[in-house]
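Commentary on secondary and tertiary structure
Below are the chains, spelled out letter by letter.
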Amino acid sequence: MSPDHMSTGSEQLDRALVVHLDNCSHLLLQLGTFGPLRCREMYALDKLLREARVLGLVCKVSEEKSGVVNSAEEVLPFLESRPKALAFWSQCTESLNVYTTTAERFLQSLHSVFSARLHDQHASRADTVFVKLAERVLEKRLPKRGRSGRQELITLFQYWSHLEEEGVSALDTYITELAEQVSLIQSLQSGDQDTVLKTLKRVPETQLQKEGLRALSLLLLDKRIKVSNAASALLRSLADSPRSRERALVSCLELLEDESVETRVAGCKALSCLKAKESIDQLVYLCQTDKDDVREAAKQALLSFGEEGKLAQRHAEDSQDGLPRLFAPGSMASTAF
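These numbers were taken from a predicted model, which means no experiment stands behind them.

1. Some remarks on the pattern of salt bridges
Within this structure, the stated rule accounts for 19 salt bridges. A salt bridge links Lys-65 to Glu-74, with the nearest nitrogen and oxygen atoms 3.7 Å apart. Here Lys-65 falls in the partly exposed class, since its relative accessible area comes to 31%. Put simply, Arg-50, Glu-139 and Glu-165 are held in one network by salt bridges that share partners.

So, in structure tokens, the structure goes:
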């Protein structure tokens, strides 16, 4: 094989490999970033480990079969334990290419197979639900308008990795659960006060996953007192359930590293509602380094934690003058992310 034309032996597998090599390049750029939790760096390392596993599988199928296979289970034998998920992938791909499909074809197949299975209350959200699933598999956003992003390749390995990471055993059940989460988020983001309040009163704790908790936290900043009070009450109720509190705590801590000032402020307020003394070090970090609005929100959160929080806040104030303001006006805010 000429060094000028390296190949796995299959043009289709080559295309899939390029997708994953591009992913690795983007993830490597996240190493060395920092913030209160270094979330981006830790997530990048975790994803790089998954990409390394994919590259190992690519090498194996290239060496053993020169990349030429007739079915997805030849590449990933364990997919046989999920026959419906395997059958759906087969519908997404062409007969001579088991490795990749386009986002457009993936979405078309979702509509063809699952639209009729969504409950009546979710039928109108089918497009949003299916795009959300495609974005989760790709781990990136698709353009909201136009079809330019719909030709982006989705690989068999991305599809399998997402099912494995989410513990999906039945694709139809997973899509129904995703539809419920989409419905919840749309209701929480509704401009109608009655809709928001009604949703906050009846939302099951199990539906409050990462994106739902983000939407809930942002409601703490709502200028409508009834809405912000109801959001606060729901978050405070989560503090009474160890499992719900742990899930909420992780999600709200991650908000502290969001690029949006508003979201970081909401994260501080949410941690206060959760009585999350575990977040004192991270809030002190924000008090010392972030923009004024975030620093004030972090300060108030610390003060809400009683004497321990007050001592930490006092320490942050005493040491603040000697530290750089990473997020100060005119500074390079992006260095923290």
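Let's pick the thread back up.
2. Some points on helix α4 (residues 83-92)
Among all positions in α4, only Ala-85, Leu-86, Phe-88, Trp-89 and Cys-92 are buried. Buried residues along α4 cover an arc of 160 degrees about the axis, so they all sit on one side. Facing away from the buried side of α4, by more than 90 degrees, are the exposed residues Pro-83 and Lys-84. Close packing links the buried residues of α4 with α3 (72-75), β1 (100-102), α5 (103-114), β2 (153-155), α8 (156-166) and α9 (171-188).

3. Some details on the confidence of the model for the chain
Across the chain, the average pLDDT comes to 88, with 91% of residues at or above 70. Overall, residues 325-337 carries pLDDT values under 50, and its contacts beyond four positions in sequence, including any with other chains, amount to 29 contacts.

4. Remarks on the packing of helix α14 (residues 261-273) against helix α16 (residues 292-303)
The interhelical angle for the contact between α14 and α16, taken along N-to-C directions, is 5 degrees, at an axis separation of 8 Å. Considered as vectors, α14 and α16 are oriented roughly parallel to each other. Contact residues: α14 offers Val-261, Arg-264, Val-265, Cys-268 and Ser-272, while α16 offers Asp-293, Val-294, Ala-297, Ala-298 and Ala-301. When grouped by side-chain class, the residues that make up the contact of α14 with α16 number seven nonpolar, one polar and two charged.

5. Points about the packing of aromatic side chains
One pass over the full model with this rule turns up six aromatic pairs. Here the aromatic rings of Phe-88 and Phe-106 are separated by 5.6 Å at their centres, their planes lie at 75 degrees, and the arrangement is edge-to-face. In this pair, Phe-88 sits in helix α4 while Phe-106 sits in helix α5, placing the two residues 18 residues apart along the sequence. You'll find Phe-88 and Phe-106 in the same group, each marked buried. Here the aromatic cluster, defined as three or more aromatic residues joined through ring pairs, consists of Phe-88, Trp-89, Phe-106, Phe-114 and Tyr-159.

Definitions and cut-offs
- Residues numbered from 1 in each chain as written.
- Predicted model: local features only at pLDDT ≥ 70, side-chain atom pairs only at ≥ 80, totals over all residues.
- Heavy atoms only, no water.
- Salt bridge = Lys/Arg side-chain N within 4 Å of Asp/Glu carboxyl O.
- Buried < 20%, exposed > 50% of the residue type's maximum accessible area, 1.4 Å probe, protein only.
- Helix = DSSP H or I, 4+ residues; strand = E, 2+ residues; numbered from the N terminus.
- Arc of directions from axis to C-beta.
- Contact = heavy atoms within 4.5 Å.
- pLDDT = per-residue confidence, 0-100.
- Axes fitted to C-alpha atoms, helices over the stretch in contact; angles between N-to-C directions.
- Parallel < 35°, antiparallel > 145°, perpendicular 65-115°, else oblique.
- Nonpolar A, V, L, I, M, F, W, Y, C, P; charged D, E, K, R; others polar.
- Phe/Tyr/Trp six-rings, centres within 6.5 Å; stacked < 30°, edge-to-face > 60°.

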